[in-house]
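Here is how the chains run, residue by residue.
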Amino acid sequence: MKRSLQDRLLEWLRQRLPVDAVTEFASHKKVPAYKGSIWYYFGGIALFLFIVQVTTGILLVMYYQPGVQTGYESVRFIVVHVKFGWLVRSIHTWSANLMIFAVFVHMFSVYFTKAYRKPRELTWFTGLVLLGLCMGFGFSGYLLPWNTLAFFATKVGTAIVATTPFVGKTIMEILRGGKDVGAETLTRFFGLHIAVMPAIFTLVLGAHLLLIQIQGMHEPHHWEHAPESEKRYMPFFPNFVLRDLLLWLIVLNVLAILAVMFPWELGFKADPSAAAPMGIKPEWYFLFMYQALKFFPGKILVFDGDAVGVVLFGIGGLLWALVPIWDAKLPQGSRNRIVTYLGIAVVFMIIILTGIGLR
Amino acid sequence: MSAPRTIRPLLFVLAALAAMATSAPPAFAAPAANDQCYACHKDGETPQALAYAKDVHYQAGLTCADCHGGDASLDQKETGMATSRGYLGKFKKSDIPVVCGKCHGAGDSEFKRRFHLSAVSDSLMAGVHGEALRANEKGPQCVSCHGVHNILKVSDPASPVSPGHVVKTCATCHSNATYMRDFNPRLPVDQLEKYLTSVHGQKNAQGDPKPATCVSCHSNHMVMRVKDPRSPVYAMRIPATCAKCHADAKYMAGYHIPTDQYAQYRKSRHGIALLEHSDLNAPACNSCHSNHGAAPPGAMSVVSVCGNCHQSNAELFLKSPHAAPFEKQKLAACVVCHGNHGVQSPTDSLVSMVAPAPCAKCHKQDGTDRAAPIILHMRALLDSLSGGQARADSMMQRAEQKGMDVSDAKYDLKDVHQALVQSRVAIHSFKLGELADAIHPGIAVLAATETAAKEAVHDYYFRRQGLAVATLIVTIVIVLLWLKIREIERDQKAKKPM
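Each value, and the rule that gives it
Residues numbered from 1 in each chain as written. Chains lettered and ligands numbered in written order. Predicted model: local features only at pLDDT ≥ 70, side-chain atom pairs only at ≥ 80, totals over all residues. Heavy atoms only, no water. Helix = DSSP H or I, 4+ residues; strand = E, 2+ residues; numbered from the N terminus. Buried < 20%, exposed > 50% of the residue type's maximum accessible area, 1.4 Å probe, protein only. Contact = heavy atoms within 4.5 Å. Areas by Shrake-Rupley, 256 points an atom, 1.4 Å probe, with all protein chains shown as cover. Axes fitted to C-alpha atoms, helices over the stretch in contact; angles between N-to-C directions. Parallel < 35°, antiparallel > 145°, perpendicular 65-115°, else oblique. Nonpolar A, V, L, I, M, F, W, Y, C, P; charged D, E, K, R; others polar. Expected span 1.5 Å × (residues − 1). Arc of directions from axis to C-beta. Disulfide = S-S within 2.5 Å. Buried area = accessible area lost by both parts, 1.4 Å probe. Salt bridge = Lys/Arg side-chain N within 4 Å of Asp/Glu carboxyl O. Phe/Tyr/Trp six-rings, centres within 6.5 Å; stacked < 30°, edge-to-face > 60°. Polar contact = N/O pair within 3.5 Å; in protein donor to acceptor, adjacent residues only side chain to side chain.

Draft legend 1. Spatial organisation of the overall build of chain B. Of regular secondary structure, chain B possesses 29 helices and 0 strands. Burial status across chain B gives 32% buried among its 498 residues. For chain B, the share of sequence-separated contacts (at least 6 apart) that also reach a separation of at least 24 residues comes to 58%. Roughly 29,500 Å² of accessible area belongs to chain B as shown, and the carbon and sulfur atoms make up 60% of that amount.

Draft legend 2. Representation of the packing of helix α6 (residues 121-143) of chain A against helix α11 (residues 284-294) of chain A in the model. All names here are of chain A. Running from amino to carboxyl end, α6 crosses α11 at an angle of 95°, the nearest separation of the two axes being 10 Å. By the angle between their axes, α6 is roughly perpendicular relative to α11. Across from Met 135, Gly 138 and Phe 139 in α6, the residues of α11 making contact are Tyr 285, Phe 286 and Met 289. Classifying every residue of the contact of α6 with α11 gives 5 nonpolar, 1 polar and no charged.

Draft legend 3. How the structure looks around helix α28 (residues 407-426) of chain B. Residue and element names in this part refer to chain B. An ideal rise of 1.5 Å per residue puts 28 Å on 20 residues; α28 measures up with 29 Å between its terminal C-alpha atoms. The set of residues buried in α28 consists of Ala 409, Leu 413, Val 416, Ala 419, Leu 420, Ser 423 and Ala 426. With its buried residues spanning 120° around the axis, α28 presents them on a single face. Opposite the buried face of α28, by more than 90 degrees, sit the exposed residues Tyr 411 and Lys 414. Taken together, the buried residues of α28 touch α23 (311-319), α27 (371-401) and α29 (432-495).

Draft legend 4. Structural detail: the state of the cysteines. All names here are of chain B. Scanning the model with the defined rule gives 0 disulfides over all chains in all. With no disulfide of its own, Cys 145 has Cys 170 as its nearest cysteine by sulfur position, at a separation of 6.0 Å. Using a relative accessible area of 28% as the deciding quantity, one classes Cys 145 as partly exposed. In this structure Cys 359 is not part of a disulfide, and its nearest cysteine sulfur, from Cys 337, lies 6.4 Å away.

Draft legend 5. Fine view of the interface of chain A and chain B. Listed by partner, the interface residues are 20 residues for chain A and 19 residues for chain B. Taken together, both faces of the contact between chain A and chain B bury some 1,900 Å²; the carbon and sulfur share is 65%. Inspection of the chain A/chain B interface yields 3 salt bridges. With a closest N to O distance of 3.4 Å, A:Arg76 and B:Asp405 form a salt bridge. Residue assignment for the side of chain A that touches chain B shows that the elements contributing at least two residues are α4 (71-80) and α10 (236-261) of chain A. Residue contributions to the side of chain A that touches chain B peak at 14 residues, all from α10(A). For the side of chain A that touches chain B, the class distribution of residues is 15 nonpolar, 3 polar and 2 charged.

Draft legend 6. Summary view of the packing of aromatic side chains. Here the structure, examined in full by the defined rule, presents 35 aromatic pairs over all chains. The interplanar angle of 40° and the centroid separation of 6.2 Å between the aromatic rings of A:Tyr63 and A:Phe77 together place this pair among those described as tilted. Of this pair, A:Tyr63 sits in the loop between α3 (41-61) and α4 while A:Phe77 sits in helix α4; the two residues are 14 residues apart in sequence, bridging distant segments of the chain. Given a relative accessible area of 39%, A:Tyr63 falls into the partly exposed group. Taking the centre distance of 6.4 Å and the plane angle of 80° together, the rings of B:Phe317 and B:Phe430 count as edge-to-face. Of this pair, B:Phe317 sits in helix α23 while B:Phe430 sits in the loop between α28 and α29, and the two are 113 residues apart along the sequence.

Draft legend 7. Fine view of helix α20 (residues 269-276) of chain B. Residues and elements named next belong to chain B. Looking at α20, one finds that the buried residues are Gly 271, Ala 273 and Leu 274. Seen from one end, α20 has its buried residues packed into an arc of 165°, which puts them on one side. Where α20 is buried, its residues contact α17 (238-246) and α19 (261-267). Taking the backbone nitrogen of His 270 as reference, a side-chain oxygen 3.4 Å away marks Ser 268 as the first, capping residue of α20. Just beyond α20, the residue with positive phi is Ser 278, at close to 55°.

Everything listed here is a matter of geometry and, on its own, says nothing about what the molecule does.
This is how it looks when you write it as structure tokens:
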């Protein structure tokens, strides 16, 4: 009997790789099925958007030329002259924004379901590193087209870093590659955006995914004392994987509609000697921090208001990151109200401040 | 601590001048009866005293001491001309405006009101002449123009500042290259020479006091630099300055020239550019008529005059088939088609065989005039480019409204505009071939930009159609996938042991 091509390929692989062990693992892997299962998919969506970013980023870098004289012109060339260049750039930009949104939603879903608790602390920490890298990707990539908005937003953004006590100015100069935003800033942001950060991101993402595979999906806390008969699971393969794929296709559709119907504008080339245009603000995912700093007075006692704000944000961010540690010290239970209330307060603060900033 | 001996007399003079400047002016109205200074100097037949007998100040009752200090009532030189009585002697030139300013400066008095005196010495010092005097002792002051002891009323024809003499009085300095070099070496010194050739100058030489002299335009005491916006001859103020006389029908009666030039000019392309848009490069009256040598340009000079700015147009006209017949018929070239004071921005409608187009004034569309079809052809060429430019512009706008980037094509469209400008210049050759040569590069660019705009709009719809197809395909896959998941899960449920 003649064997099919699929069988022969599988056999070929079997002789070289532990295919059976992998299929065995996949066939036994289960995902909890309950009303909160929807949140499991946001990690997958973020992963899909990261793949889109890598693909479109590789296409863009084939034409992009970093430099004060070439950055804007090369992006314009991509948008105007390269076949489907406008689409690739628009998808890259929209996908970046959607990815950061998906990562934020993923983080808050993990926080509110308290999935960061033992033994998943490392998954939480690596996830936060990935969020930070995503925002770093956004910040560095925003400057690359070297247009007016990007130039001045970077100037404002890096100036905020400078208010950090003791080390702020040094960090700002390292970021800018000098005293001001210029050619050096552009080239180092380009290097960070396409080489340094992708490399780190890939490693951390690998660790994050590996941890998920080792520890499995977090089960809801109300299952802790529930009888086995009340717990529902779905097979990871094919059920969860196919649903993931389904969502990816929906996101792809949304992305295509956004990219075509609302192509990302290029604007005008940056003119460092010109006055900053009115209403310069950072990208939406930095807006809550930017807006909050505006509420700080110029001086608080003898300290610079912005510096106090940056320090407070730093402390807040650190507390947020260390939630698996301090949460463990609090009275345990599936409903730790302090953590939940804090999370709700943070979500409201971000939504309100972003809303004010967008006005 | 007392002042050094050497500067004591100087301090005294300064104090005396200050006292004179602040003291009340003399209150006389007829020759002074007891002016011992004048009496002695007259007896001695000094030129000053002889001249002073006719001086307007003498007639008004001013004594020598009113200007020079001292006590005019004393007949002894030693006492009347004693410094202790405020005698100043001969003044430094730069002090003269201060002395004259005692009566002709700021402040109010019965004397000033009686003789209607204004603060002309202050005006002098506020102007360019005062500035020159402060910088250089040789600079002009009151007596430079009015004389010293023989000052006459301006209305007196013998006065050096009367309309008949003022031009030559000004020229004493302004035609003296050596003198002027010390103040403003760049200032021309040929104003008088030019003025004598002007209509103003010729009429002035005939004894007519009404035509403009130096002071009519430049003002008399407060003379400003031409570049000073306060000056009546600052570029933007020249039309109004000329209009003071030329728009006054009563004043101009008898000269048999129109008085509506200013009204026309203000509405003209030139007038709007200069007066409303403050474009100092735009021509004012003097740009065409000259300033000091002001005269109407002759019919055949018009091309040269307009050609100062519209150089290419003038060159083409002089080589055109129109040049010879215009000269023969003494037609004022440019003015025939464009007008003069009321010149408007030309439009392509000037090139037409339909009245009031200027072509129709001379050419007839009766089949015998060979020029008529050429004129119509020229117009068609201009229309093809200007119409095409408007069409391309509108297509670009449409593409941009759809969010498409057509900046390259828009940039190229500037070449079309440039070709149109050159074509509108080339029309002055009145040769079809030259016009066509100027138009054709524009037509070629126009075709390319129109194609680019069309492609951009097409691309816009292609993108949306592509999106619709792609979204539809992905949606079908999503539905199929969903059905597949349902099928798998149904199978799993069915296989599950009860």
